Each structure stands twice: as C-alpha cells, then as structure tokens.
Amino acid sequence: MSRAAERLRLMINHLDRSSATISAVPTYAQTFTSRPQTLRFTHDTDLLTPEQRLFYEENGFLLIKNLVSEEDIDKFRMAFERICRQEVKVPGLVVMRDVAIVKSEFVADEKAVSKLQDFQEDPELFRYCNLPQILNYVECFTGPNIMAMHTMLINKPPDAGKKTSRHPMHQDLHYFPFRPADSIVCAWTAMEKVDRQNGCLVVLPGTHTGTLQEHDYPEWEGGVNKMYHGVRDYDPKHPRVHLEMEKGDTVFFHPLLIHGSGMNKTQGFRKAISCHYASAECYYIDVKGTLQENIENEVKDIAIRKYGLGEITFKDTWALRGRLVQGERTSL
Ligand SMILES: CC(C)CC(=O)SCCNC(=O)CCNC(=O)[C@H](O)C(C)(C)COP(=O)(O)OP(=O)(O)OC[C@H]1O[C@@H](n2cnc3c(N)ncnc32)[C@H](O)[C@@H]1OP(=O)(O)O
Ligand SMILES: Nc1ncnc2c1ncn2[C@@H]1O[C@H](COP(=O)(O)OP(=O)(O)OP(=O)(O)O)[C@@H](O)[C@H]1O
Ligand SMILES: O=C(O)CCC(=O)C(=O)O
Ligand SMILES: [Fe+2]
Ligand SMILES: [Mg+2]
C-alpha cells in the first residue's frame, strides 16, 4: 500500500469512530453534512479500498474492471436488437438517430439507431440498473437510498464522414435539475472493447471539483446532434485521459466531471449501457435564470410533444422517469 493510501486508511478509521457518535438514524440535513470535508465525494461502505476512495476524490471517476458478465451484456444486446427490429414497444422510450443520418436519404433500419434513452419500462434493459454489483458501488457515492434517474444505451455509429459521432465535452449535471451534485453518479459499462478507434470516453480528471460551466451547441461544421451541448470554454491544455475499456468494465463518474467521446473511426457500432443514479434524498431545483435554462427549454419542447401534454415542468420530466432501485423513495 502506498504511503498516501496508508495515511487515508488511518484517517478513515479515525473518522469512522468519531462519526459513530452521530445518532443512528441521520436527519435529512446530516445525510449531506456528516461526511468529513476531507472525504467529500465518497461514503464508507467497506467496498472501496482506500486507494479507490482517494482516486475518486481526486479524479472524479473510478474504473472497475469486469463488473458485468458477458452473459448479461449479451442479453442487453439482444434486448436492444429486439427494440430496433420493432418487435417490442417500450412506453416512454426515446429512439435517437444520428443527425447525419436523419438529414440524409438513408433508409431507416436498425443500424440507424444511435441511442436509446429512458428504457426504465423495459424489464430486460432496466435489469442493468438493478444489478447488485453495480448498486454496491453506486451506494459508495449516493448513500443507501438510490433512484435510477436516467438510462441510456449508446450505439455510437461509424462516423458518416461529418464527425457527428463525436460527443462534445460536457458535464452531465447540465441536464439535471436536482442536487446536490455530489450525491449523483453515472455508471457506464462497455458492451464491447472500447478504445480510441471506436470513440471511447475521454475525461478531464479532477474537473468534478469545479462548478457547472456554461453549455451550448459546439460550432461544428458537419453538424451536431440534438441536445449534444458542450462546455463553452474549457482549458484545452487540461490533461485528458482516454478510458479504454473491455467488455463488462464499468466506470463510475461524478456529474461535474468534464467528459465526451471521440469519433468512431471503425465500421462497427460502439455500444455502451449507462444509468445515472441519485440519492433519493436529493431535491429538485428551479433552473430558471441559471445556466441550465437553455436545456430546460429544449427538454420541455420535446416533452410536450412526447407525452402529448399541454404543459410539463422540467422537474416533472425527471420525476416521471425516476425509479427507486434501493432503499426508500423520499424526496426525488
Ligand atoms: C446526461 C445525459 C442526459 C446527457 C445526454 O444524453 S446528452 C444528449 C441528450 N440527447 C437527447 O436527449 C436527445 C434525445 N432525442 C430525442 O429526443 C429525439 O431523438 C429527437 C431529437 C426529438 C427526435 O425525435 P423523433 O421522434 O425521431 O422525431 P422526428 O424524427 O420527427 O424528428 C423531429 C425533428 O428532430 C430532428 N432530429 C431528429 N434526430 C435528430 C438529431 N439526432 N439531431 C438533430 N436533430 C434531429 C428531425 O430532423 C426533425 O426536425 P424537423 O424536420 O422537424 O426540422
Ligand atoms: N476540434 C475539436 N473541437 C472541439 N472538440 C473536439 C475537437 N476534437 C475533439 N473534440 C472532442 O474531444 C473529445 C475527445 O476527442 P478525441 O480527441 O479523443 O477524438 P477525436 O478527435 O475524434 O479523435 P483522435 O483520437 O484522433 O484525437 C470528444 O468529446 C470530441 O468531441
Ligand atoms: O457514450 C458516450 O459516447 C458518452 C455519452 C455521454 O457522455 C452522455 O450521453 O452523457
Ligand atoms: Fe455525459
Ligand atoms: Mg482529437
């Protein structure tokens, strides 16, 4: 064990003993304040090693190798294919096609699907969000009461030549009208080998300690997908890490971590499945007049069409989709 890790272990032991004096059932406020400043981003559940806690605290992400079995991933893939072949209809599901394909003469078929969103009503795909080995890690970031707030299966297509397969650098918190940010985490699992060739995730380590930045559509010549906002100005000299992963590897990351993904230069569709989790004790905020107002307006326009309702609040688009996966549903 490194010296830093050893120091952390001693510190954690000490803090655990001191926090044992806090009442057994923490109050609402304590849930968010009882964690010591030095370990702001992780909870102690006996799962993370001191090295892993320190790594997430410092970098804002944690990669766990081989967390989801091949068998499960193959089942998720089959469920995805059934949806693409339109053999099942899933309430609330959003099927997204790449902008380069939508705006061309391309005949729609299963290969045109670049992303599924909101699969909470598909029992097979939603099984991903309930996998015990994923939830055990999620709990280290959210605490024991856990909501699955946002689900995606990303089928990054071979780039059609316009670089639209890229996902601009962004912070996921831009899309979320709930807080606190530190009680939200994304689990993202590679459904096959992902590398720089097929457009793996790219992260800017440590950016989770910053604040939410202004996001907007990047000015890309070849176009950009609907709602793919990017951080308007980010330091191009900030160190970048390309997260190359094998099938089943899973990365957990903080919603303020700046990340994106590069162009898919292969002929295959790069697949990943993900879920954003939040503590059920998180609360909704009003984003009117904040940097998030632009995304609120876009989401509301689409939601009004999708749900066929006259008016829907940004908050309700989230409350409708969120599902309890562990513990008690309280605030969200
Ligand atoms: C943390 C997390 C939330 C981060 C992210 O996921 S960032 C990305 C989030 N992206 C989204 O949420 C987009 C979700 N996508 C959707 O809601 C849908 O795919 C839509 C873009 C609304 C299209 O819905 P669909 O049912 O296919 O409707 P239509 O085929 O009738 O198209 C309606 C108008 O939208 C256009 N469109 C469709 N796909 C795209 C695209 N990929 N990029 C840009 N524009 C697009 C389409 O051309 C049509 O435009 P008009 O002909 O009305 O001008
Ligand atoms: N010229 C650019 N302007 C703005 N964002 C970019 C630009 N090039 C890449 N990005 C973004 O940076 C992230 C990582 O891109 P990355 O550099 O890994 O991919 P790439 O440029 O497509 O391929 P390569 O591996 O050859 O560099 C992606 O989010 C991508 O959208
Ligand atoms: O899978 C990817 O390419 C990144 C997706 C992503 O970051 C997102 O949808 O928020
Ligand atoms: Fe993201
Ligand atoms: Mg590049």
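Residues numbered from 1 in each chain as written. Chains lettered and ligands numbered in written order. Predicted model: local features only at pLDDT ≥ 70, side-chain atom pairs only at ≥ 80, totals over all residues. Heavy atoms only, no water.

What counts is decided by this rule: UniProt positions are given in the numbering used here, feature names are shortened, and annotations may be inferred rather than shown by experiment.
Looking at an unreviewed UniProt entry, one finds the protein chain named Phytanoyl-CoA dioxygenase, peroxisomal, with Perca flavescens as its source organism. What the UniProt record of the protein chain gives under Sequence similarities (unreviewed entry) is the line "Belongs to the PhyH family." Word for word, the UniProt comment on the protein chain under Pathway (unreviewed entry) is "Lipid metabolism; fatty acid metabolism."

### Observations regarding the coordination of the iron ion (ligand 4)
Heads up, the rule is: We call an atom a donor if it is N, O or S and sits within 2.8 Å of the metal, or 3.2 Å for Na, K and Ca. Water is not counted, so some sites may look partial. Helix and strand assignments come from DSSP, with helices taken as H or I runs of at least 4 residues and strands as E runs of at least 2, each series counted from the N terminus. Residue exposure (1.4 Å probe, protein chains only): buried if accessible area is under 20% of the type maximum, exposed if over 50%, otherwise partly exposed.
Here the iron ion (ligand 4) is held by His170 (NE2), Asp172 (OD) and His259 (NE2), and the distances to it run 2.1 to 2.2 Å. All donors of the iron ion (ligand 4) belong to a single chain; written as a sequence motif, their spacing is H-x1-D-x86-H. Placement of the pair is Asp172 in the loop between β5 (167–170) and β6 (178–179) and His259 in strand β13 (residues 259–261), with a sequence separation of 87 residues. Relative accessible area serves as the criterion here: at 7%, Asp172 is assigned to the buried category. Looking at His259, the relative accessible area reads 4%, which means it is buried.

### Side note on the site of ligand 2
Put simply, the rule reads: By convention in these notes, a residue is near a molecule or strand provided one of its non-hydrogen atoms lies within 4 Å of it. Polar contacts, as used here, are pairs of N or O atoms within 3.5 Å; protein pairs need one atom able to donate a hydrogen and one able to accept it. Residues neighboring in sequence count only if both atoms are side-chain atoms. Values of accessible area rely on a 1.4 Å probe in the Shrake-Rupley scheme; residue burial ignores everything except the protein chains shown.
Close to ligand 2 lie 14 residues, the nearest being His167, Arg196, His242, Met263 and Lys265. Between ligand 2 and His167 there is a distance of 2.5 Å, counted from an oxygen atom to a backbone nitrogen or oxygen. One of the side-chain nitrogen or oxygen atoms of Arg196 is found 2.7 Å away from an oxygen atom of ligand 2. With the chains in place, 68% of the 590 Å² that ligand 2 exposes on its own is no longer accessible. Of all the secondary structure elements, the ones that give two or more residues to the shell around ligand 2 are β5 and β13. A per-element tally of the shell around ligand 2 places β5 first, with 3 residues.

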